[in-house]
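Given next are the chains, with one letter for each unit.
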Amino acid sequence: MRLLHARTKIRFRFDDPNLIGYAGLVPIMALAARCGLDRLTCRLLTVPGSARANAWLKVPAIVAGMAAGADSIDDLDRLRHGAMGRVFGGIRTPSTLGTFLRAFTWGHVRQLEQVARTVTAALPGHAPVLSGAATYTLVDADSTIRQVFGYAKQGASYGYTKVKGPHPLLAVASTPTPTPTPAPLVVACRPREGRAGAARGAASFVAEALGTARAAGATGLVPFRADSAFYSATVVAACRRAGARFSITVRIDAAVRRAIATIPDTTWTAIRYPRAVWDDDEQRFISDARIAEVHYTAFTSHREAEQVTGRLLVRRVRRLNPASVPHGQGELFTVYRYHAAFTDSDLEPVQADATQRAHAIVEQVIAGLKASALAHLPSGRFAANAAWLVLACLAFNLTRAAGVLASRIHAKATTATIRDELIHIAEWAHYRYQVREYLHRRR
C-alpha cells in the first residue's frame, strides 16, 4: 500500500457535533455504574477542599479516559469531542481532573484502593470473569518498576534494579477454566517508592489481594504464587489466615543447599517442556530438566510458632554454558543449577512445577498496563501518581470484562486490541437519537 499524492497537505478536523469517537465506552461505563463506582466513590472518598466536589463524576471520567487510551492528564481531553457530552454527563476538563488528582494524600489513595477493590469484587456478578472461581482460583503477585526521567517525580528513586522510578506491587487473579480462559483481573495494587524493598508491605498486600479474590467469588481452592521476593514468614502466615495455599520461589541459601543435598539421586524425575524455556543464567533455551521434592522446615530463625513445614520442590538443570562452569571442572563431573519453590500444594511434583512456572502470567498483566494508562506517570506528586495507578488497574479490569462480554476471541485479547476493536468505534449519536424518537412516536 502506498500513499497517493504524498506531497499534498492533508488536514483532519473532528468537527461533527453528532459524532462519537469512542462509542465502546457506553457499555464499559454502564458496567462500572452497575458495579457501584460512582456510589462507592461518593461514600468512601473524602478528598478535602474544592476538589472534593463531584468526585463521583471525576473518578469515572478518569477511568473512561484511560479505557479510551489516555496515558496522561492532557489525553483525558478526548472525552470532550463531538457528541460525547450528549452521551455522558459531568465530563470535566483535563485541568480540573489534574487538580483533583493533585489534591490526593496517601490516606485518600487508600480510600480509592478500597473503591477499586469493591468494584472489582462486584465485576463477576455482571460479567463472566473468574467464572471458575468457585472451584479453583490462582492469585499471583509481583512487583514492577515504572521508569521515569527527570527530578520532578516524588517517590522515584533507584532500587535494586538500578532503574529510576516507583516500585509498586500488583496482584492478579485468574482461573484455568473454562475455555477460552478469561484474562486475569487485578485484585490489588500497592504504590510504593522506588527504593522500597520487594518485601516491604508484602504481607498486608497479600492479605488484601486474597480478600478481594474471595469477595469476587473465589470460594474454592486458592493457591497463591509469587517469586522469592515474597518468601517470608509473614506472607506465608497471611496466606494461611486467608485459607489459601502457597507456592513461593525460594532463594538458594545454605539451608536450602543442605536440604537439596539430602535428595537421593534415584528420586529425580525427568521432565521435558513441550515449549523450550529461556534460561537467563545460562543464556539459552532449555527443554528438559529433573525435579524432586523434600520435606523442609522454613524460617527456622524465627520462633517456633512462625516456622512452617512444607514441601521443597527442586528443579535442576544441567549447566552447558562453558562460561557458567568452573574452570577445569567441565569434563570431570556434571554440574547442575537448582531452582527451588516452597509450597504446601498436594499436586505431584511435575504438576506443581508447571503450576509454579505459570506464575509468569502476572507479567502479561503488567505489560498490558504499561501499554495503556500506565505508560506514563503524569504528575510530579507521588499521591497523584498513586491514584493514577489505582484507576489504571480499575480501567484495565473494566476493559477486560468488556472483552469477555463481547466474544470468545476478545476474552483473551490484549487491552490494546479491545480498545481498537470495541472502544474506538465511531457512531452518529444524532441519527440514533432520531431513530429512537421515531420508534417511540410509532408506538
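Residues numbered from 1 in each chain as written. Predicted model: local features only at pLDDT ≥ 70, side-chain atom pairs only at ≥ 80, totals over all residues. Heavy atoms only, no water.

## Description of the overall build of the protein
Moving on, step 1. A count of helices and strands for the protein gives 14 helices and 13 strands.
Moving on, step 2. Residues counted as buried form 48% of the 443 residues belonging to the protein.
Moving on, step 3. A separation threshold of at least 6 residues defines the contact pool for the protein, and within that pool the share at least 24 residues apart is 69%.
Moving on, step 4. When the accessible surface of the protein is totalled, it reaches about 22400 Å², and 53% of it is carbon and sulfur. (Helix = DSSP H or I, 4+ residues; strand = E, 2+ residues; numbered from the N terminus. Buried < 20%, exposed > 50% of the residue type's maximum accessible area, 1.4 Å probe, protein only. Contact = heavy atoms within 4.5 Å. Areas by Shrake-Rupley, 256 points an atom, 1.4 Å probe, with all protein chains shown as cover.)

## Quick notes on the nonpolar core
For soluble globular proteins, nonpolar side chains are generally found buried alongside one another.
Moving on, step 1. Among the nonpolar cores identified, the biggest contains 120 residues, and L25, L101, F104, F224 and F230 are the most heavily contacted of them.
Moving on, step 2. With 17 residues, the top contributor of residues to this core is helix α12 (residues 382-406).
Moving on, step 3. Setting aside anything within four residues of it in sequence, one finds L25 in contact with A64, A67, A68, L79, M84, F88 and I423.
Moving on, step 4. With six residues, the next largest nonpolar core counts I271, I286, I291 and V317 among its residues. (Core = buried A, V, L, I, M, F, W, Y, C linked by side-chain atoms within 4.5 Å.)

## A few points about the side chain of S345
Moving on, step 1. You can see S345 is positioned in the loop between β12 (336-343) and α10 (349-357).
Moving on, step 2. A relative accessible area of 16% means that S345 is categorised as buried.
Moving on, step 3. A polar side-chain atom of S345 sits 3.1 Å from the main-chain amide nitrogen of L347.
Moving on, step 4. When sequence neighbours within four positions are dropped, the list of residues in contact with S345 reads R245, F246 and R311. (Polar contact = N/O pair within 3.5 Å; in protein donor to acceptor, adjacent residues only side chain to side chain.)

## Re the pairing of strand β6 (residues 185-190)
Moving on, step 1. A large share of β6 lies buried, amounting to six of its six residues.
Moving on, step 2. Pairing analysis gives five bridges linking strand β5 (residues 169-174) to β6, with the strands arranged antiparallel. Across the sheet, the residue bridging to A173 is L185, located in β6. (Pairing = 2+ DSSP bridges.)

## Remarks on the packing of helix α3 (residues 55-67) against helix α5 (residues 94-102)
Moving on, step 1. The geometry of α3 relative to α5 is characterised by a closest axis approach of 10 Å and an angle of 105° between their N-to-C directions. In terms of orientation, α3 and α5 fall into the roughly perpendicular class. Residues A55, K58, V59, A61 and I62 of α3 touch α5, and the partners they reach there are T96, L97, F100 and L101.
Moving on, step 2. Taken together, the residues that form the contact of α3 with α5 break down as seven nonpolar, one polar and one charged. (Axes fitted to C-alpha atoms, helices over the stretch in contact; angles between N-to-C directions. Parallel < 35°, antiparallel > 145°, perpendicular 65-115°, else oblique. Nonpolar A, V, L, I, M, F, W, Y, C, P; charged D, E, K, R; others polar.)

## Some words on the side chain of H410
Moving on, step 1. Mapped onto the fold, H410 is located in the loop between α12 and α13 (415-423).
Moving on, step 2. Among the polar contacts listed, one links the side chain of H410 to the side chain of S407, at a separation of 2.6 Å.
Moving on, step 3. Only 2.7 Å separates the side chain of H410 from the side chain of E421, close enough to count as a polar contact.
Moving on, step 4. Ignoring anything within four residues of it in the chain, the contact list for H410 reads R400, G403, V404, I418, E421 and L422.

## Section: the pattern of salt bridges
Moving on, step 1. Scanning the entire structure with this criterion turns up 14 salt bridges.
Moving on, step 2. For E293, the salt bridge goes to R311, with nearest N and O atoms at 2.8 Å. Here E293 is found in strand β10 (residues 284-298), whereas its partner R311 is found in strand β11 (residues 308-318), with 18 residues between them in sequence.
Moving on, step 3. What makes R311 buried here is its relative accessible area of 11%.
Moving on, step 4. Its salt-bridge partner being D353, residue R357 comes within 3.1 Å of it at the nearest N-O pair. Here R357 pairs with D353, and both are found in helix α10, just four residues apart, close to one helical turn.
Moving on, step 5. What makes R357 partly exposed here is its relative accessible area of 32%. (Salt bridge = Lys/Arg side-chain N within 4 Å of Asp/Glu carboxyl O.)

## Regarding the confidence of the model for the protein
Moving on, step 1. Averaged over all residues, the pLDDT of the protein equals 85, while 84% of them reach at least 70.
Moving on, step 2. Predicted confidence is poor over residues 329-333, with pLDDT under 50, and the contacts of this stretch with residues over four places away or in other chains come to one contact. (pLDDT = per-residue confidence, 0-100.)

## Some words on α12
Moving on, step 1. End to end, α12 covers 36 Å across 25 residues, agreeing with the expected 36 Å (1.5 Å per residue, within 8%).
Moving on, step 2. Of all 25 residues making up α12, 22 are buried, and the element is well covered by its neighbours. (Expected span 1.5 Å × (residues − 1).)

## What to know about the environment of R311
Moving on, step 1. Separated by 34 residues in sequence, R311 and S345 place their C-alpha atoms 7.8 Å apart.
Moving on, step 2. Only 2.4 Å separates the side chain of R311 from the backbone oxygen of S345, close enough to count as a polar contact.

## Describing the state of the cysteines
Moving on, step 1. In this structure the tally under the stated criterion is zero disulfides.
Moving on, step 2. Here C393 is not disulfide-linked; the sulfur of C189 is the nearest cysteine sulfur, at 4.1 Å.
Moving on, step 3. C393 gets classed as buried once you look at its relative accessible area, which sits at 3%. (Disulfide = S-S within 2.5 Å.)

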